[in-house]
Amino acid sequence: MTQSADKATTPDGMPPLLLVDGSSYLYRAYFALPNLTTSTGFPTGAIRGVIGMLRKLSRDFVGSPIAVVFDAPGKTFRDDIYPEYKANRESMPDPLRQQIAPIHEIIRAMGLPLLVVPGVEADDVIGTLAADATREKRDTVISTGDKDMAQLVTEHVSLVDTMKDVRLDRVGVTEKYGVPPELIVDLLALMGDTSDNIPGIPKVGAKTAAKWLQEHGTLDALIANAVKVSGKIGESLRDNLHILPLSRALATIKCDVELEMGIHDLIQGAVDLDTLRGRFTELEFRSWLDELIAPAELAHVAAATTASSARHYECITTLDTLDEWLDRLRQAQVFAFDTETTSLDYMQAELVGLSFAMKAGHAAYVPVGHDYIGAPTQLDREQVLARMRPLLEDPRLLKIGQNIKYDLSVLARHGVNMQGVAFDTMLESYVLDSVGSRHNMDDLALKYLGVRTIHFEDVAGKGAKQLTFNQVPVEQAAEYAAEDADVTLQLHERLKPDLDKIPSLLSVFSDIEMPLVPVLSSIERHGAMVDATLLNEQSREIDERLKILRADVMSLAGVEFNLDSPKQLQEVLYERLQLPVLRKTPGGQPSTAEPVLAELAHDYELPKVIMEYRGLAKLKSTYTDKLPQQINARSGRIHTSYHQAVASTGRLSSADPNLQNIPIRTAEGRRIRQAFIAPPGCKILAADYSQIELRIMAHLSGDESLLTAFSQGLDIHRATAGEVFDVEPYAVSDDQRRSAKAINFGLIYGMSAFGLARQLGISRALAADYIERYFQRYPGVRAYMDATRRLAHDQGYVETVFGRRLYLPEINAGNLQRRQAAERTAINAPMQGTAADVIKRAMLRVHQQLQQGSLKAAMIMQVHDELVFEVAEADVVPLRAMVVQEMEAAATLRVALVVDCGVGNNWDEAH
């Protein structure tokens, strides 16, 4: 029967032998996982997938010997039998080929036997070992995703697919394929295999092949009775009987390969920790590297944070000692600073301690809020803040932090207005290379300093029993917190010189990103008012609509099923309703992903209704249900967190709640915006850049027609329609304008003729014609795109107007799809990145005016190309004038920036 894959022992209690089909998992891991690379661009997805699978196996089958088998390069005996064997397969992608050697090295370093036998496939090596195991009655599990291996299943041999967490014994094979293991070869011979180019009987699939074998018993019996098989399928069988012996020979796994190792030789050797550490460091597998470091080594590893391996951390518990440190900090002129708190939520967090460092290896921690039973005496928080306030609020004393916006917000809630916020190591790393790595301190320390820092879990524990920092013993807290400040200082000393070498990036950091930190902190702490009653009412209405949609889904499907189950949805769409399979998952199953359903929805009602159901359900769970719960009890507002170091193009992102993803094109999304309200006596003002990315395209490309259209204030989509369809702008129809708009925005994002055809509901040929006409009318755009591709290939990155860089590690990849994706990014990133820089510059200008002026107004949100304000009714007119002026002056391009401004009682009215 089919079992859960967690059966880790055999009936006699002895752990089974595990034979891993490394080649099967190599390809599955490569295509299943996202495009993972190191900061240098080396591909790591297949390595992570294969090694992760082996680690999972070792956990699931504790005590089992594990051997890993890979295909050897070169031809096998099957190529001699049939030269066209596997001829349909594309050559191995270069990014995958690059990962094979590291995988082999890591497996050997893990102490696992690795078998690569020339002249045969991994299947044959595994088959030989499995046959030996059956003869010796040694229970064995084959880990694979390959259906061919089902022929090897016996009373002692089973299969496990760790990706699907399924294990098959003899009964399970019969249930899944309709025939027992000994007939799998016959089944494969009839079906053929397109991936291996094994010829089968045309039009015969798995169900027909299984039915015939059930009726006749064996392939030989079927051949003998072929004349009795009726219909066209019977004719196909009789016409192709001659190919069955070849198909059967190709599908049969060889079980008598001469091997240097037998099943008793497959034992684990010593683990090579040095090699694993080296490889995991090189490949940036931080979490796996952490696991290699035993607790006893922590002190040694932490000591590596300084070149001298010596560090001096102090826990400050007296005012005299604090004053001595403060005197030193004043002398330093620049120091690293960090806070420790009770929460990641800056609006809820209570201050537990402060740490600082001004010299590598030297740091101190001041505990002020550890309140566990038996906690030592600590300095009074208010006394400490009073003594530190002059230092923290002095703009001449420069501070370094890691994600220092959080510290700034926490201190502001405790009455300290920190000034001199000069450097943030998270942003230094992000500006240097936004796609190079994650920008948290632990990862940066490992990458740039070669240091495994003390992690929060090391001192606070994990899961439900994790302590808040006020419960962490002061001794451990001091080491952890002081290290944070120390490592932050060292990261700055490592990263800042790299920024100084590239003036354009230094300008992005110093003139855009760092000045924006206090602005974002101010916006976040101010928050936005929402009408919880309105949202609750909308939730109830959506719930009623979901019930109706669910009933419609079941009616169209003709059967009750779990809408949240991809497997059940797959069965309904592709087996019950026989909808066309547009795309498959890496595991070979028909896909039910959102883009696939969107395509199917053009022609079929059920996917359309399912998409509406999913969209409303997500809207309800993400916003109408959740926003009322996120209202802060003290402020009565919601407080998002803006993240500067997430989007590779420089765009801000927001979380808890995510304000960027509230739909605007649907009535339900606009109703959510209606819940963002102004307080009594105030209005909401929203200012939005008009077609900013198209204007940036005109600037970057220098295309005369685009520049002229914008300079004359024309409707750019109508102007484009006039050019593409060769009509006067006044004669452009609504459909032609809609098509032109799709072309204008589609080309920015690298849309193909196929994508445009789908969007407009026209033929691919006509869409290609539209695109070609566009480029004929706007030759500067084509020239810009071609030049940008060439530049990206040559230098490996593209830049915004203000010098922000986006590195493109896949721009010269061997894989065509990944290379083309990188080229599309190269074209789009300068536009999207420049738009991000412009809105950030606008925020800085507007914030400065609000600080210096007397308007009763506050910036409360930034969403895409839009700024949202609360303003007293009496100040609406001057605020509108100021905001439009400052936003339009945020950049000087070849075309003017235009800002649309609206006012209302809520965000929807103002937009």
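Not measured: the values here are computed from a predicted model.

Two numbers describe how helix H21 (residues 474-500) lies on helix H22 (residues 503-526): the axes approach to 7 Å, and their chain directions differ by 120 degrees. By the angle between their axes, H21 is oblique relative to H22. The residues of H22 that touch H21, namely those facing Lys 496, Leu 499 and Asp 500, are Pro 503, Leu 505, Leu 506 and Phe 509. Per-class residue counts for the contact of H21 with H22 are five nonpolar, no polar and two charged.

Our focus in this paragraph is the sheet that holds strand E11 (residues 362-367). If you walk across this open sheet you meet the six strands as E8-E11-E10-E9-E12-E13, and the pairing is mixed. Both edges of this open sheet fall to strand E8 (312-315) and strand E13 (421-424), since each of them pairs with a single strand only. The average undirected angle you get between the axes of adjacent strands in this sheet is 25 degrees. Looking at chain direction, strand E12 (residues 398-401) and E13 are connected through three bridges and run parallel.

Every buried residue of helix H12 (residues 273-282) is accounted for by Thr 275, Leu 276, Arg 279 and Phe 280. Buried residues along H12 cover an arc of 120 degrees about the axis, so they all sit on one side. Phi turns positive, to about 65 degrees, at Glu 284, one or two residues after H12.

This paragraph deals with helix H26 (residues 605-624). Under the 1.5 Å per step criterion, the end-to-end length of H26 is 27 Å for 20 residues, consistent within 8% with the ideal 28 Å. Of the positions making up H26, those classed as buried are Leu 606, Pro 607, Val 609, Ile 610, Tyr 613, Leu 616, Leu 619, Lys 620, Tyr 623 and Thr 624. Taken together, the buried residues of H26 touch helix H23 (532-557), helix H24 (566-576), helix H25 (594-600) and helix H27 (667-674).

Moving on to the side chain of Gln 378. Along the chain, Gln 378 falls in the loop between E11 and helix H16 (381-392). On the accessibility criterion, Gln 378 (19% relative accessible area) is buried. Separated by 3.3 Å, the side chain of Gln 378 and the backbone nitrogen of Gly 369 make a polar contact. Side-chain polar atoms of Gln 378 contact the backbone oxygen of Pro 376, separated by 3.1 Å. Discounting residues that sit within four places of it in the chain, Gln 378 has contacts with Pro 367, Val 368, Gly 369, His 370 and Val 474.

Phe 676, Tyr 689, Tyr 774, Phe 869 and Met 887 are the most contacted members of the largest nonpolar core, which totals 90 residues. The element best represented in this core is helix H35 (residues 816-852), accounting for 10 residues. When residues no more than four places from it in sequence are discounted, the contact partners of Tyr 774 are Leu 706, Thr 720, Val 724, Ile 743, Asn 744, Leu 747 and Val 781. Listed in part, the 61 residues of the second largest apolar core include Ala 349, Val 384, Val 416 and Ala 422.

What follows deals with the environment of Gly 200. Tracing the chain through its elements places Gly 200 in the loop between helix H7 (184-191) and helix H8 (206-216). With a relative accessible area of 15%, Gly 200 lands in the buried category. Each C-alpha atom of the pair Gly 200 and Thr 649 lies 50 Å from the other, and the pair is 449 residues apart in sequence. Not counting chain neighbours up to four residues away, the residues in contact with Gly 200 comprise Ala 189, Leu 190, Met 191, Gly 192, Ile 243 and Ser 247.

This part covers the sheet that holds strand E18 (residues 682-689). Taking strand neighbours across the sheet as the criterion, the four strands line up as E21-E22-E18-E23 in an open arrangement whose pairing is antiparallel. The open sheet is flanked by strand E21 (857-863) and strand E23 (899-904), the only strands paired with a single partner. Pairwise comparison of adjacent strand axes, ignoring direction, gives a mean angle of 20 degrees for this sheet. Strand direction decides the pairing type here: E21 and strand E22 (residues 866-872), joined by six bridges, are antiparallel. Within E22, the residue paired with Ala 857 across the bridge is Val 871.

So, about the packing of aromatic side chains. All told, the structure shown has 13 aromatic pairs when counted by the stated rule. When the centroid spacing of 6.3 Å and the interplanar angle of 25 degrees are considered together, the rings of Phe 456 and Phe 469 count as stacked. One end of the pair, Phe 456, is in helix H20 (residues 456-460); the other, Phe 469, is in the loop between H20 and H21, and 13 residues separate them in sequence. By relative accessible area, Phe 469 is classed as buried at 1%. With 5.3 Å between their ring centres and 75 degrees between their planes, Phe 676 and Trp 907 make a pair best called edge-to-face. Separated by 231 residues along the polypeptide, Phe 676 in strand E17 (residues 676-677) and Trp 907 in helix H37 (residues 907-910) bring together distant segments of the chain. Look at Trp 907 and you get buried, because its relative accessible area is 0%.

Turning to its location among the elements, Arg 311 is positioned in the loop between helix H14 (298-303) and E8. A polar atom in the side chain of Arg 311 sits 2.5 Å from the side chain of Glu 479.

Our focus in this paragraph is unusual backbone geometry. The omega torsion across Asp 656 and Pro 657 is 0 degrees, close enough to zero to call that bond cis. Note that Pro 657 resides in the loop between strand E16 (653-655) and H27. Although it is not a glycine, Lys 137 sits at a positive phi angle of roughly 55 degrees. Within the secondary structure layout, Lys 137 lies in the loop between helix H5 (122-135) and strand E5 (140-143). Within the chain, His 864 stands out as a residue other than glycine whose phi angle is a positive 55 degrees. For His 864, a relative accessible area of 40% gives the class partly exposed.

Right, let's get into the packing of helix H18 (residues 425-432) against H22. Relative to each other, H18 and H22 sit at 140 degrees, their axes nearing to 10 Å. Here H22 runs oblique to H18, going by the angle between their axes. Regarding H18 and H22, the two cross each other, and that crossing is right-handed. Contact with H18, carried on its side by Leu 427, Glu 428, Tyr 430, Val 431 and Leu 432, involves Leu 505, Val 508, Phe 509, Glu 513, Met 514 and Val 517 of H22 and no other residues of that element.

Rules used throughout
- Each chain has its residues counted from 1, running along the sequence as written.
- Reporting in this predicted model follows two pLDDT cut-offs: at least 70 for local features of residues, and 80 or more for side-chain atom pairs to be given and counted; totals over whole chains, interfaces and linings ignore these cut-offs and use all residues.
- Neither water nor hydrogens contribute to the side-chain values; these are computed over all heavy atoms in the structure.
- Only C-alpha atoms enter the line fits that serve as axes; for helices the fit covers just the stretch in contact. Angles between N-to-C directions range over 0 to 180 degrees.
- Note on conventions: DSSP H or I runs of at least 4 residues are helices, E runs of at least 2 residues are strands, and numbering of each starts at the N terminus.
- The labels follow the angle: roughly parallel below 35 degrees, roughly antiparallel above 145, roughly perpendicular from 65 to 115, and oblique for the rest.
- Two residues form a contact once any of their heavy atoms are found within 4.5 Å.
- Amino acid classes used here: Ala, Val, Leu, Ile, Met, Phe, Trp, Tyr, Cys and Pro are nonpolar; Asp, Glu, Lys and Arg are charged; the rest, including Gly, are polar.
- Two strands pair if DSSP finds at least two bridges between them.
- Exposure is judged per residue with a 1.4 Å probe applied to protein chains only, and the accessible area is read against the type maximum: over 50% gives exposed, under 20% gives buried, and values in between give partly exposed.
- Taking the helix axis as origin, the arc is that swept by the directions to the C-beta atoms.
- The span you would expect from a helix comes to 1.5 Å times its residue count less one.
- Throughout this description, a polar contact denotes any pair of N or O atoms lying within 3.5 Å of each other; where both atoms belong to protein, one of them has to be capable of donating a hydrogen while the other can accept it, and for residues adjacent in sequence the pair is counted only when both atoms sit in side chains.
- Residues enter a nonpolar core if they are buried and are Ala, Val, Leu, Ile, Met, Phe, Trp, Tyr or Cys, with the set joined through side-chain atoms within 4.5 Å.
- Two rings from Phe, Tyr or Trp (for Trp, the six-membered ring) form a pair when their centres are within 6.5 Å of each other. A pair whose planes differ by under 30 degrees is stacked, one over 60 is edge-to-face, and the rest are tilted.
- Crossing handedness is read from the near helix: turned anticlockwise from the far helix by less than a right angle, it gives a left-handed crossing, and turned clockwise, a right-handed one.

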